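A look at the structure
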Amino acid sequence: MVDQSKTPPRRAEILSAAADLATAEGLEGLSIGVLAAEVGMSKSGLYAHFGSKQELQHAVVDHAAARFEPAVLAAGAAAAPGLPRLRALVEAWIRHVEHSDYRGGCFFDAASSEFASRPGPVRARLAGLSRVWIAALQEQAALAVRLGELAPETDPDRLTFQLHAYVTEANWWGRLFDEPDAFARARDAVADTLDAHRPNPRLQGDAS
């Protein structure tokens, strides 16, 4: 959990602008000078908040994570464990991405694509946060199998891969093609996939 509850208001304002800018221009293109012009500050003023470009990048990633966690993880946690929570987590994620106020859409989709082939601490931080999210989905998928809410042959890792792909693809279609139905299609695909993995009552009856 990324706790930024004690972040000074001015720093939080700067980080919000930086995250927005990074989704369009890239984290690598984010510099003290570029950000200073964006928020109307001097470079020396920004240096008081961030001592280096890498420190700025890390702070922006953590700021985006701090927004993601209550909007998605906490929202999903309100549902019952297992399939209901899996559905709730994915729906909360779709809403978060669909209604993102970042100009480039999903922060983590943009940043992960940018740093996928750039080894280093920023990539490691992005990968670590993404693994936490993926693990949350995998955990609920596996629990749904154990509870009998999904068919016993369901592979939780493969199911998570599919669900993750639907949402990231919707973000891509929505942003690149201005496709208004992209997230509706993602919701339909999620529902169809989860329904396809539900236990078959006839087979259960035959087994008994």
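One can find the structure itself at the top, above this paragraph.
Okay, so let's go over this structure. Since we're looking at a predicted model, the values are computed, not measured. (Residues numbered from 1 in each chain as written. Predicted model: local features only at pLDDT ≥ 70, side-chain atom pairs only at ≥ 80, totals over all residues. Heavy atoms only, no water.)

1. What to know about the overall build of the protein
A tally of helices and strands in the protein yields ten helices and zero strands. Going residue by residue from the N terminus, the α and β elements of the protein occur as α-α-α-α-α-α-α-α-α-α. C-alpha extents for the protein along the principal axes are approximately 75 × 35 × 30 Å. The 208 residues of the protein split such that 41% are buried. Pairs at least 24 residues apart make up 71% of the contacts formed inside the protein by residues separated by at least 6 positions. With an accessible surface of roughly 10900 Å², the protein has 53% of that area assigned to carbon and sulfur atoms. Here the protein holds 21 positive side-chain charges and 27 negative ones, and the gap between their average locations is 4 Å. (Helix = DSSP H or I, 4+ residues; strand = E, 2+ residues; numbered from the N terminus. Buried < 20%, exposed > 50% of the residue type's maximum accessible area, 1.4 Å probe, protein only. Contact = heavy atoms within 4.5 Å. Areas by Shrake-Rupley, 256 points an atom, 1.4 Å probe, with all protein chains shown as cover. Lys, Arg positive; Asp, Glu negative; His and termini not counted. Charge placed at Lys NZ, Arg CZ, Asp CG, Glu CD.)

2. Observations regarding the packing of helix H7 (residues 121-146) against helix H8 (residues 156-176)
The interhelical angle for the contact between H7 and H8, taken along N-to-C directions, is 125 degrees, at an axis separation of 9 Å. For the element pair H7 / H8, the angle class is oblique. As H7 packs across H8, the resulting crossing turns out to be right-handed. Seen from H7, the contacting residues are Trp133, Ile134, Leu137, Gln138, Ala141 and Ala142; seen from H8, they are Pro156, Asp157, Leu159, Thr160 and His164. (Axes fitted to C-alpha atoms, helices over the stretch in contact; angles between N-to-C directions. Parallel < 35°, antiparallel > 145°, perpendicular 65-115°, else oblique. Left-handed = near helix turned anticlockwise from the far one by under 90°.)

3. Concerning the side chain of Thr23
One can find Thr23 in helix H1 (residues 9-25). Reaching out from Thr23, the side chain makes a polar contact with the backbone oxygen of Asp20 at a distance of 2.7 Å. (Polar contact = N/O pair within 3.5 Å; in protein donor to acceptor, adjacent residues only side chain to side chain.)

4. Section: the environment of Gly174
Note that Gly174 resides in helix H8. The buried category is assigned to Gly174, whose relative accessible area is 18%. Taking the C-alpha atoms as reference points, Gly174 and Gln57, 117 residues apart in sequence, are found 26 Å from one another. Among all residues touching Gly174, those that are not within four sequence positions of it are Glu179 and Ala182.

5. Here we look at the pattern of salt bridges
For the structure shown, the criterion picks out twelve salt bridges. Asp101 serves as the salt-bridge partner of Arg67, at 3.1 Å between the closest nitrogen and oxygen. Of this pair, Arg67 sits in helix H4 (residues 53-77) while Asp101 sits in the loop between helix H5 (83-98) and helix H6 (107-115), and the two are 34 residues apart along the sequence. Each member of the salt-bridge network shares a partner with another, and the members are Glu28, Lys53, Glu114 and Arg118. (Salt bridge = Lys/Arg side-chain N within 4 Å of Asp/Glu carboxyl O.)

6. What about the packing of aromatic side chains?
Within this structure, the stated rule accounts for eight aromatic pairs. When the centroid spacing of 5.2 Å and the interplanar angle of 80 degrees are considered together, the rings of Phe68 and Trp133 count as edge-to-face. On the criterion of sequence distance, the pair formed by Phe68 in helix H4 and Trp133 in helix H7 is long-range, its members being 65 residues apart. Take Phe68 and Trp133: they sit in the same class, and that class is buried. Through pairs of rings, three or more aromatic residues link up here, namely Phe68, Trp93, Tyr102, Phe107, Phe108 and Trp133. We note Arg118 situated over the ring of Phe115; from NZ or CZ to the ring centre the distance is 5.6 Å. (Phe/Tyr/Trp six-rings, centres within 6.5 Å; stacked < 30°, edge-to-face > 60°. Lys NZ or Arg CZ within 6 Å of the ring centre and 35° of its normal.)

7. Considerations on the environment of Ala79
Checked against the element boundaries, Ala79 lands in the loop between H4 and H5. Residues Ala79 and Gly104 lie 25 residues apart in sequence; the distance between their C-alpha atoms is 30 Å. Ala79 has contacts with Pro84, Arg85 and Ala88, leaving out every residue within four places of it along the chain.

8. Regarding H6
For H6, the set of buried residues is Phe107, Phe108, Asp109, Ala111 and Phe115. On the buried face of H6, the contacting elements are H1, H4, H7 and H8.

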